[in-house]
Amino acid sequence: MALGNFSQVTEFILLGLSDTRELQVLFFIFFFLAYAMVLLGNLLIIVTVRTDPKLLSPMYFFLCNLSVLDICCTSVTSPRLLVDLLSQRKAIGFEDCMAQLFFLHFVGASEMFLLTVMAYDRYTAICKPLHYTAIMNQRVCWLLVFACWAGGFLHSIVQTLLTVQLPFCGPNTIDNYFCDVPLVIRLACSDIYVIEWLMASNSGLISLFCFLVLVISYTFILATIRVQFTEGHWKALSTCASHVMVVTIFFVPCIFIYLRPFSTFPSDKHICVIYTVLSPVLNPLIYTLRTTR
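Because the structure is a prediction, the values reported are computed rather than measured. (Residues numbered from 1 in each chain as written. Predicted model: local features only at pLDDT ≥ 70, side-chain atom pairs only at ≥ 80, totals over all residues. Heavy atoms only, no water.)

Quick notes on a nonpolar patch on the surface
Together, Val25, Ile29, Phe32 and Leu33 give the surface a local cluster of nonpolar side chains, amounting to about 360 Å² of exposed area. The residue phenylalanine 32 is located in helix α1 (residues 21-51) in this model. The class for phenylalanine 32 is partly exposed, based on a relative accessible area of 45%. (Patch = residues over 30% accessible without salt bridge, like charges linked within 9 Å, V, L, I, M, F, W, Y side chains within 5 Å. Areas by Shrake-Rupley, 256 points an atom, 1.4 Å probe, with all protein chains shown as cover. Salt bridge = Lys/Arg side-chain N within 4 Å of Asp/Glu carboxyl O. Helix = DSSP H or I, 4+ residues; strand = E, 2+ residues; numbered from the N terminus. Buried < 20%, exposed > 50% of the residue type's maximum accessible area, 1.4 Å probe, protein only.)

Here it is as structure tokens:
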């Protein structure tokens, strides 16, 4: 027994991305290089921001925190994926699966909140430049980052508690390369209709709400730039374009995955690659190159 008197499943079998040996070798090379890029790129950002006295603005402070979250997000799934790609039997223990689910939603939701905060930072800098230093002071920045992590923790603990109390007594095959709420609760031996909608509302609405706040923020920024267009505003527009690109790559797949009933749609493991691997790989490239310009 794993957890509770009705949880007879002690492990889950991950089907991964492919059962073809040749493709598994190609995937291993691709994801190994991607994981190395995430680690090196984001560590470089962290070290640069922490050591360069010129990079003390709130934008770089938030960028440094985004790099930490990107490393954590990719580290939740990539190491096990790399091991499984070289293994014949891809099994994960019940407790390990719940832990992976918890940390995935913890860092994922925290990153959503942080991207929203970064959009607010750009809105304040462009639309209220005279009040920017007063509004985005060091204390406020730390409070906003703490709120992002705390919000991610609360979101994740709710998702995990709703999942772990379900009875798992039969099927244990997950058609993906990691444990996630939509895939795990499908295997429960009970009616999941209410919990399914609670979870979809939790994850999906958070994704949609943050995305709408981001869209509204950038709409105000574009309106301000149109009225007062200068060379400085052109640079700001270029930076915001990179932010919008990052937001779109991260949020659209999340909204597609989580803002719908889990049991009535097939698994979308290839779409999951976008926000678990591709987005953390592109973030250092997009943010640093465009922001430097």
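So that's the structure; there's more coming.
Here's the deal with the sheet that holds strand β1 (residues 11-14)
With mixed pairing, the three strands of this open sheet are ordered in space as β2-β1-β3. On the outer flanks of this sheet lie β2 (91-93) and β3 (173-174), each paired with one strand and no other. Relative to β2, β1 runs antiparallel, the two being bridged by three bridges. Across the sheet, phenylalanine 12 pairs through a bridge with isoleucine 92, a residue of β2. (Pairing = 2+ DSSP bridges.)

Focus on the packing of helix α2 (residues 58-85) against helix α3 (residues 94-127)
The interhelical angle for the contact between α2 and α3, taken along N-to-C directions, is 160 degrees, at an axis separation of 9 Å. If you check the angle between α2 and α3, you find them roughly antiparallel. Judged by the sense of rotation from one axis to the other, the crossing of α2 with α3 is left-handed. A class-by-class count of the residues in the contact of α2 with α3 yields 16 nonpolar, four polar and six charged. (Axes fitted to C-alpha atoms, helices over the stretch in contact; angles between N-to-C directions. Parallel < 35°, antiparallel > 145°, perpendicular 65-115°, else oblique. Left-handed = near helix turned anticlockwise from the far one by under 90°. Nonpolar A, V, L, I, M, F, W, Y, C, P; charged D, E, K, R; others polar.)

Section: the state of the cysteines
Per the stated rule, a full pass over the model turns up two disulfides. The partner cysteine of cysteine 97 in its disulfide is cysteine 179, sulfur to sulfur 2.1 Å. Judged by the sign of its S-S torsion, about -120 degrees, the cystine formed by cysteine 97 and cysteine 179 is left-handed. Separated by 82 residues along the polypeptide, cysteine 97 in helix α3 and cysteine 179 in the loop between β3 and α6 (181-185) bring together distant segments of the chain. Comparing cysteine 97 with cysteine 179, the two get one shared label, buried. Covalently, cysteine 169 is tied to cysteine 189 through a disulfide, its sulfur atoms 2.2 Å apart. Taken together, the residues span a long stretch of sequence, with cysteine 169 in the loop between α5 (138-164) and β3 and cysteine 189 in the loop between α6 and α7 (193-227) at a distance of 20 residues. What makes cysteine 169 partly exposed here is its relative accessible area of 36%. By relative accessible area, which is 34% here, cysteine 189 ends up partly exposed. If you count the bonded cysteines of the protein from the N-terminus, they pair up as 1-3, 2-4. No disulfide involves cysteine 272; its sulfur sits 8.7 Å from that of cysteine 254, the nearest cysteine. (Disulfide = S-S within 2.5 Å.)

Let's talk about the nonpolar core
The biggest cluster of nonpolar side chains holds 64 residues, and the ones touching the most others in it are Phe31, Phe62, Leu114, Leu115, Phe251 and Tyr275. Counting residues per element, the ones that place at least two in this core are α1, α2, α3, α5, α7, α8 (231-258) and α9 (269-292). For this core, the element with the highest residue contribution is α2, accounting for 14 residues. Sequence-distant contacts of leucine 115, defined by excluding residues within four places in its chain, comprise Leu66, Leu214, Val246, Phe250, Phe251 and Tyr287. Judged by nonpolar contacts, the second largest core, of 21 residues, contains Val9, Leu14, Phe94 and Met199. (Core = buried A, V, L, I, M, F, W, Y, C linked by side-chain atoms within 4.5 Å. Contact = heavy atoms within 4.5 Å.)

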